[in-house]
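Listed here are the chains, written in short residue letters.
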Amino acid sequence: MRKAHWIKGDCHLHTANSDGAKRPEELYEALYRKGLDFAFITDHNFNTPGETEFNYHGVGIFPGMEISGNLGHVNVFGEHFLVRSINRPRSREDYEALIGYFRSRGAHISINHPLDRSLPWRLGVEDFQPDSVEVWNSPMHNDDVYCMEWWHKKLLAGEFIPAVGGSDFHRDYYVTRLLASPTTYVYACSNTLADVRAAIKAGRVFVTNSPGAARLFLTCGKKVPGDTADLAKEREVTVSCDFLRRGQILRVFNNDRELLTYRAKKHEDGVSFTLPVEARGFVRAQVGYQLTGPAAGFYEFGATKFKRHTPGEGVPEFIYSFTNPIFFV
Ligand SMILES: [Zn+2]
Ligand SMILES: [Zn+2]
């Protein structure tokens, strides 16, 4: 059996079977060309891949569905659902019945874009005990930042829901490259559905901007995000990154304290820091950046038009990549 290693994929994708632009085969081909290892196909209320996972030129194509109604969106990942499509849920009871059904079929439940101002999760995240939560939905925008802050507060309160990203790809516009933006990396022995699901459930995950973007690694000895270390014996973490662009800020949090705040003054390759852990709880890392000048103006224009951004809301520090936490007891 192969040892665990980092593989990359996308947890949230649409085809023409719901409101996406690409036929399923076109999407699979695009995923292969992006160099991904796995992909959950999550059409609205429809399971496109069918009963079982399959492999498309090396890409694990996994069954899934985005249960979609006005009260929120939630992904189910799994196999052998026995249903190809479902009716749009309208009430809390509808959601409970559907999620209960998919759970009974062994599905993994992942709540999508819970703080999206157009389509939030209106039913209470904890009520549904999800296996993961999509804190970064589609290319970085303000609601993703607010969702990360919400997730971080939950960690401080001792609640951990493994965090994933999803491009929510429907189509490209002109020159955009929205597929697998963001990209979710998981630490798994293979790109089979079982291994990828287990890695997500354990929080062995980091998320980065796109398939070619810098990878962000957080380790404590052999431990990776999602794992638990004993602070009496394991007192250091190492955070490393393929590269940092000028102006990007690498932050490492130990609970509410920042162990590291490092701003790259120029493009830097192969950045690595080893840091002492100060307190029990968790350590997590993220790379942020601030949009400035024309990019900020362009973003505000687009976000106001497409994301219900309030004019003058401003642009917080965006996230380029982040890890799930390593826990210290
Ligand atoms: Zn959605
Ligand atoms: Zn979606």
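The structure we're discussing is the one just above.
### Points about the pairing of strand β16 (residues 257–263)
- By the bridge criterion, 6 bridges tie strand β15 (residues 249–254) to β16 in an arrangement that is antiparallel. Each bridged residue has a counterpart across the sheet, and for asparagine 254 the counterpart in β16 is arginine 257.

### What about helix α3 (residues 142–156)?
- The terminal C-alpha atoms of α3, which comprises 15 residues, lie 21 Å apart, in line with the 21 Å expected from a rise of 1.5 Å per residue.
- Looking one or two residues beyond α3, the residue adopting positive phi is glycine 158, at roughly 85°.

### Side note on the sheet that holds strand β17 (residues 268–276)
- Ordered in space as β12-β14-β17, the 3 strands form an open sheet in which the pairing is antiparallel. Single-partner strands in this sheet number two, and they are β12 (216–219) and β17. Taking the axes of each pair of neighbouring strands and ignoring which way they run, one obtains an average angle of 10° across the sheet.
- Sheet analysis places β12 next to strand β14 (residues 236–244), joined by 4 bridges and oriented antiparallel.

### A closer look at the nonpolar core
- Among the nonpolar cores identified, the biggest contains 79 residues, and Ala39, Phe62, Val186, Val205, Val283 and Ile326 are the most heavily contacted of them.
- When residues in this core are grouped by element, the largest group, 5 residues, is from strand β18 (residues 281–289).
- When residues of this core are sorted by domain, at least three fall in each of domain 1 (1–213) and domain 2 (214–329).
- Beyond its immediate stretch of four places on either side in the chain, alanine 39 contacts Gly9, Asp10, Leu13, Leu31, Val59, Ile61 and Phe62.

What counts as what
- Residues numbered from 1 in each chain as written.
- Chains lettered and ligands numbered in written order.
- Predicted model: local features only at pLDDT ≥ 70, side-chain atom pairs only at ≥ 80, totals over all residues.
- Pairing = 2+ DSSP bridges.
- Helix = DSSP H or I, 4+ residues; strand = E, 2+ residues; numbered from the N terminus.
- Expected span 1.5 Å × (residues − 1).
- Axes fitted to C-alpha atoms, helices over the stretch in contact; angles between N-to-C directions.
- Core = buried A, V, L, I, M, F, W, Y, C linked by C-beta atoms within 7 Å.
- Buried ≥ 20, exposed ≤ 12 C-beta atoms within 10 Å, placed from the backbone.
- Domains from an automatic or database assignment.
- Contact = placed C-beta atoms within 7 Å.

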